[in-house]
Amino acid sequence: MAPFQENSRSRLRYVADPLVLLALTGAGLSVWLYQPANDWAITTLGYGWAPVSAWVAALALTLRFRPGLLTRSWRWWGIAAGAVAASLGLLSLFHPQLGLLAQASYGGSWGTALGGAPLTLAIAKIAAISVITPLVFFPRSVVVYYAKALSIAWSGLTITWSGLCTGVSRTFGAVRRMKPGSLFRNWLGARQPAAVDSPSEEEFLPDEDEEQVPVPHYDEDQIRVPDFDAGTAAPVRDPSGLKPAGKAGLSWILPSIELLSPAEPRDKDASALEDMARLVESTLGEHGVNVAVNNIKPGPRIVRFGLVPGWVSKRGGGQRNGADAAAGPENGDGGRVKVQSILALEKDLALALKTPYLRLEAPVPGEALVGIEVPNPSPSRVMLREVMESAPFKKVAAAGGLPIAMGQDTGGAPVVMDLASLPHLMIAGSTGSGKSVCINSIVASLLLTHPPDQLRMMMVDPKRVELTPFNRIPHLVTPVIVDVNEVNDALLALVREMMRRYQKMEEMGVRNISGYRAKTDDPMPYLVLFVDELADLIMSGGLEVEPNLIRLAQLGRASGIHLVLATQRPSVKVMTGLLKANIVPRVAFAVASNTDSRVILDTAGAEKLLGKGDMLLLNNDSPKPRRVQGTLVYDEEIDRFVEFWANQNGPPLPEFSMQIDDEDENGYGEDTMLDQAREYAIRNPHMSASYLERRLRVGRSRADQLLEALADEGLVIPA
C-alpha cells in the first residue's frame, strides 16, 4: 500500500501545482486589470511589493519543496522579514510629486506606518527594527557584537575628544606665545599678493624678557597610526614617546586574529600516498619481511605510514603479505615478523622512497604499529592563525591558562600546550632550524590572549636581532636585555619577586597563583622569561647564572613565573643535568648529530629532522617525543602585533623593580665575599681565579676582581 499511496501523492502534486500557479497568475492579472484593486495594491505597499513578493514567494516555494528547511532555519526567515520591514520604512522616506503615491510615499500605507514622518521618528523606527530583530532571533551572539561595536564607538569618541582638546590647547598656546603686532602683520601678509615677501621668522619669536616655552620635536614613528585593520579600535600613541599611563576606566583591548595570515590551501593526493604505501610493502617483501600498511596519516610536511608486521607459518608455510598480514596466523601456529627485521631495512626503504629523511618509530605510542615517517610529496606550511583558531587553543585560552600554538602533528591535528602547566620550556636546535620562529610564535600566542595587566615578560637577546623588535610592547617589565653582564641582576630581581609572591601566598593561605587570584583583587600577573641564546649566558655568566635559572625553574611554577630557554649549541655544559631535570618539556629542532639529540631529548632522532620548523616535542604527557611541524609567523605579522600594543593607552601597570641589594647576590654581601676571599688567600697565597670561582661560586669576571683586590692588599702572590 505504501508505494501506491506515494504514487498517488506524486500524481496529486503534478495536478495541483499547475492549478495553484494558474490561480495565482489569474489573481495577479485581475488585480492589475481591475482599477479599484490596482489602486488599493499601489497605495498599500507601493514599490514595497518587490521585497514583500520576493519574501512570500520564497516562503511558498520552501513550504512546497523543502518544508524541513523552514523549521531548521526559522530564525533566518525572521531576520529576512525584519529586513523587508526595514526596506518598507526606508521607502516611506521618499515621496513622488504626482500620482497615488504622492500622499502614501514609495512605501505605501504600510511603509508609512513603519516609517513615515517626522523624519527623526521614522529613522528611530527603522533603527529599532534593524537592531531589535537580530537580537530577538540570535540573542547570545548578537549581544557580543553589539558590545564590541559600543566599545569601538566609545574608543572613537574618546580619541576624537582627546584630539580636539589637544588641538585647541596647542592653538591657544601658540596664540599666547605670539605678540599682537606679529599677529596683525601675519594677517596682512596673508592678504598680500604672492609676489610680496612673507614676514620673517624673527617676528614670530618671543621677546627676550618673555618666558620661552620649549616646543618638543616628535619623530614620525612616535605618532604614526597603524595601517592595518585590527578589528578593534586602538588609541593613538602619546606623541611624547613615553608609554602612556592611561586614564581611569580604560581597559586594554586584545588584538584581532585578523592580524595574522590565513591558512594556506592544501593539496591531498590520496593516490600518491597509496602508491607510496604499496612501494613500502613491496620493498620490505623483496627482503623477506612481509608487512601491511593499513594506517596512513598525512601531515603538513610528513606522512606517517603505520606498518602491521605480517605472520610467519612455523611449518614452512611461508609468510603472508598485504591484507592477509593482519588477519592472524593460520591454524594458530604462526608468529609475527620481528620488528627488528623492519628496523634493519631502514636504508633500503630510504633508497626505494628516494629520500634521505626517513625516521622509524617502533612502536607508535598507544598503537600496535611500526611507524615510518616520510616527507610529504606535497608539503604545506602551518600558519599560526590556523592553530590559534582550533578548538584546543580556544579551550586553553578560555580556562585562563597561557596557550601556546606549537604546530601540527604528523596527522595534521593541532598541537597546543599550556605554558602555565608545563611550566617551563627548553628549545634547542642548529642554526636556521626554526628556533627563533618558534619563540616568535609563542610570544604572538601570548600577546593575542593576554593584556599587560595579566601577563608581563622579560626578554634576553644577546644576539640583539631576534627579540629586540618586541621592545615597544607594554608587556615588558624592562627593555630587551642585550648585555650579558646585566642578565644576572635581572635573574636576581626575578628570584626576589618570586619570594615576595610566596610570602603573599603564605599570608593568604593559598598554594599557587590561581588560589591567590581567587581570594584577592590583586591581579598578580604571570611572568615569562624568554632567553634566545642560553649558551652565551652560561659561558659568560657561568656559576652565577645557572643557579638562579635552576632556582626559578624549581619554584617558579606556583608563583606564576615561567621560563622559555633556547640555544643553538646543545652541549652538556649548557643544558646541564640539573637544569634538564627541572625543565622536562623540551623541543628539539634539526641538529647535526645524534649526540646533540641525546643531549636535548635523551634519545636519538633529532638528527633526521627536515629543518624549517620540523621538531620533536617532549612533554609530560608522553614518555617518547612526538613529531610536530611548527607554526610559521612572518615578521610583518609580528610588526602588526607590536604596533597594535604600542599604540594602546591602557590603565597604569604595577611597577617591577630591577634594583637588587648586596645581599641578593647569591646570599653574599660585598664585604662578606671579600672577607671569605681573604681567608682563602691566607691559607693559599698562590691561589688562582678558578679557585675562587669554585669556592665562592661566582663568575670569572667577579673572581678576577676579587683576585686583583687581594693582590693590591698583598695577600696573594701573582703567578
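The numbering scheme is per chain: residues are counted from 1 as the chain's sequence reads. Totals for whole chains, interfaces and linings use every residue, but because this is a predicted model, local features are given only for residues with pLDDT of at least 70 and side-chain atom pairs only at 80 or more, for both listing and counting. Hydrogens and waters are ignored; side-chain quantities use all the structure's heavy atoms.

A. Structural view of the overall build of the protein chain. Each helix is a run of H or I in the DSSP string that is no shorter than four residues. Each strand is a run of E no shorter than two, and both are numbered from the N terminus. Along the backbone of the protein chain there are 27 helices and 15 strands. Burial status follows relative accessibility: with a 1.4 Å probe on protein chains alone, a residue under 20% of its type maximum counts as buried, one over 50% as exposed, and anything between as partly exposed. Per-residue burial over the protein chain gives 41% buried out of 719 residues. When checking whether two residues touch, look at their non-hydrogen atoms; a contact exists if any pair is within 4.5 Å. Pairs at least 24 residues apart make up 64% of the contacts formed inside the protein chain by residues separated by at least 6 positions. All accessible-area figures derive from a Shrake-Rupley calculation using a 1.4 Å probe, and residue coverage is judged against the displayed protein chains alone. Surface exposure of the protein chain reaches about 39100 Å², of which carbon and sulfur atoms provide 58%.

B. Spatial organisation of the packing of aromatic side chains. Any Phe, Tyr or Trp ring, taking Trp's six-membered ring, that has another such ring centre within 6.5 Å forms a pair; planes under 30 degrees apart are called stacked, those over 60 apart edge-to-face, and the others tilted. Per the counting criterion, the structure on display carries 3 aromatic pairs. Centroid distance W252 to W645: 6.3 Å. Interplanar angle 55°. Geometry classified as tilted. Separated by 393 residues along the polypeptide, W252 in the loop between α11 (220-223) and α12 (270-286) and W645 in helix α24 (residues 635-646) bring together distant segments of the chain. In this structure, W252 and W645 share a single accessibility class: buried. Taken together, a centroid distance of 5.7 Å and an interplanar angle of 85° make the contact between F644 and W645 edge-to-face. In this structure W645 comes out as buried when scored by relative accessible area, which is 1%. Among the aromatic residues, those joined into a cluster by ring pairs are W252, F644 and W645. Whether a charge lies above a ring is judged from NZ of Lys or CZ of Arg, which has to be within 6 Å of the ring centre and within 35 degrees of the ring normal. Over the ring of Y526 we find R517; its NZ or CZ atom is 4.5 Å from the centre of that ring.

C. Expanded view of empty space enclosed by the protein. Each cavity reported here is a set of points on a 1 Å grid over the protein atoms alone in which a 1.4 Å probe fits but cannot get out, each pocket an open set with protein on both sides within 12 Å along at least five of seven lines, and each lining residue one with an atom within 4 Å of a point. Grid points are joined across faces, edges and corners, and a volume is the space filled by probe spheres set on the points. Inspection of the entire model under this criterion finds 1 cavity of 30 Å³ or more. Of the volumes computed, that of the largest cavity is approximately 40 Å³. As for the largest cavity, its lining consists of P300, R301, I302, Q408, D409, T410, D614, R627, V628 and Q629. Mapped onto the lining of the largest cavity, the elements with two or more residues apiece are β7 (403-409) and β15 (626-630). Per-element tally for the lining of the largest cavity: the top contributor is β15, with 3 residues.

D. Representation of the sheet that holds strand β2 (residues 302-309). When DSSP locates at least two bridges between a pair of strands, those strands are taken to pair. Ordered in space as β1-β2-β6-β5, the 4 strands form an open sheet in which the pairing is antiparallel. Whereas interior strands pair on both sides, the edge strands pair on one side only; in this sheet they are β1 (291-298) and β5 (359-361). Across the sheet, the mean angle separating the axes of adjacent strands is 25° when strand polarity is ignored. Judged from the 7 bridges that link them, β1 and β2 form a sheet pairing that is antiparallel. In the sheet register, K297 faces β2, and the bridge partner there is R304. Lying over the sheet, α12 contacts β1, β2 and β6 (370-375), oriented at roughly 150° with respect to β1. As a rule, the C-alpha atoms of each element are fitted with a line to give its axis, helices using only the stretch in contact, and angles between N-to-C directions run from 0 to 180 degrees.

E. Geometry of unusual backbone geometry. Of note, the amide linkage connecting A362 to P363 takes the cis form, showing an omega dihedral of -10°. A cis amide bond links L422 with the next residue in sequence, P423, at an omega value of 0°. Within the secondary structure, P423 sits in the loop between β8 (414-418) and β9 (425-428). For K354, which is not glycine, the phi dihedral falls at a positive 60°. Summarising the element assignment, K354 is placed in the loop between α14 (346-353) and β5. Overall, the relative accessible area of 77% leaves K354 in the exposed class. If you check the backbone angles, K612 has positive phi at about 55° while not being a glycine. Within the secondary structure, K612 sits in the loop between α23 (594-601) and β14 (614-618). K612 sits in the exposed class, given a relative accessible area of 69%.

F. Spotlight on the confidence of the model for the protein chain. Put simply, the protein chain has an average pLDDT of 78, and 75% of its residues get 70 or more. Counting interchain partners and residues more than four positions distant, the pLDDT-below-50 stretch residues 179-249 has 80 contacts. Scored below 50 in pLDDT, residues 665-669 makes 12 contacts in the model with residues more than four places away or belonging to other chains. What pLDDT expresses is the predictor's confidence in each residue, scored from 0 to 100.

G. Focus on the sheet that holds β7. Pairing is mixed in the open sheet, where 9 strands are placed in the order β8-β7-β15-β14-β13-β9-β12-β11-β10. Pairing within the sheet leaves two strands with one partner each, and these edge strands are β8 and β10 (455-460). Along the sheet, successive strands turn relative to each other by an average axial angle of 30°, direction set aside. Of the pairings in the sheet, the one linking β9 to strand β13 (residues 586-588) comprises 3 bridges and is parallel in character. Of the residues in β13, the one forming a bridge with A428 is A588. Strand contacts of helix α18 (residues 487-508): β10, β11 (526-531) and β12 (561-567), with the helix running at about 160° to β11, the strand carrying the most contacts.

H. Highlighting the packing of α18 against helix α21 (residues 545-555). Relative orientation of the contacting elements α18 and α21 amounts to 30°, with a least axis distance of 10 Å. If you check the angle between α18 and α21, you find them roughly parallel. Handedness of the crossing formed by α18 with α21: left-handed. Where α18 approaches α21, its residues N488, L491, L492, L494, V495, M498, M499 and Y502 are matched on the opposing element by V545, N548, L549, R551, L552 and L555. Here the word oblique covers every angle except those under 35 degrees (roughly parallel), over 145 (roughly antiparallel) and from 65 to 115 (roughly perpendicular). In a left-handed crossing the near helix is turned counterclockwise from the far helix by less than a right angle, and in a right-handed crossing that turn is clockwise.

I. Examining the pairing of β14 more closely. Burial analysis of β14 places 5 of its 5 residues in the buried class, the great majority of the element. Here β13 runs beside β14; their pairing, made up of 3 bridges, is antiparallel. What sits directly across from R586, in β14, is L618. In the sheet, β14 pairs with β15 via 4 bridges, with the strands oriented antiparallel. Directly across from L616, in β15, lies its bridge partner R627.

J. Region of interest: the nonpolar core. What makes a nonpolar core is a set of buried Ala, Val, Leu, Ile, Met, Phe, Trp, Tyr and Cys residues whose side-chain atoms join them at distances within 4.5 Å. I427, I442, L446, M457, M459, F470 and F530 are the most contacted members of the largest nonpolar core, which has 60 residues in total. A total of 8 residues in this core trace back to one element, the largest contributor, which is helix α17 (residues 435-449). The residues touching L446, leaving out its near neighbours within four places in the chain, are L402, P403, I404, L455, M457, V528 and F530. Counting 42 residues, the second largest nonpolar core, distinct from the first, contains A428, L527, I538 and I561.

K. View of a nonpolar patch on the surface. For patch building, the residue pool is restricted to those with more than 30% relative accessible area and no salt bridge; the joining distance is 9 Å between like charges and 5 Å between nonpolar side chains (Val, Leu, Ile, Met, Phe, Trp, Tyr). Definition used for salt bridges: Asp or Glu carboxyl oxygen within 4 Å of a side-chain nitrogen of Lys or Arg. A contiguous nonpolar surface patch, about 260 Å² in accessible area, is contributed by V131, I132 and V136. Structurally, I132 can be placed in helix α8 (residues 119-137). I132 gets classed as partly exposed once you look at its relative accessible area, which sits at 47%.

L. Representation of the environment of E533 within the structure. With respect to the secondary-structure elements, E533 resides in the loop between β11 and α20 (534-541). For E533, a relative accessible area of 2% translates into the label buried. Not counting residues up to four positions away in its chain, the partners in contact with E533 are P462, A566, T567, Q568 and R569. Contacts described as polar in this section are N or O atom pairs within 3.5 Å, which, within protein, must combine one atom able to donate a hydrogen with one able to accept it, while residues neighboring in sequence count only if both atoms come from side chains. There is a polar contact of 3.2 Å between the side chain of E533 and the backbone nitrogen of A535. Within the structure, the side chain of E533 is placed 3.4 Å from the backbone nitrogen of Q568, a separation counted as a polar contact.

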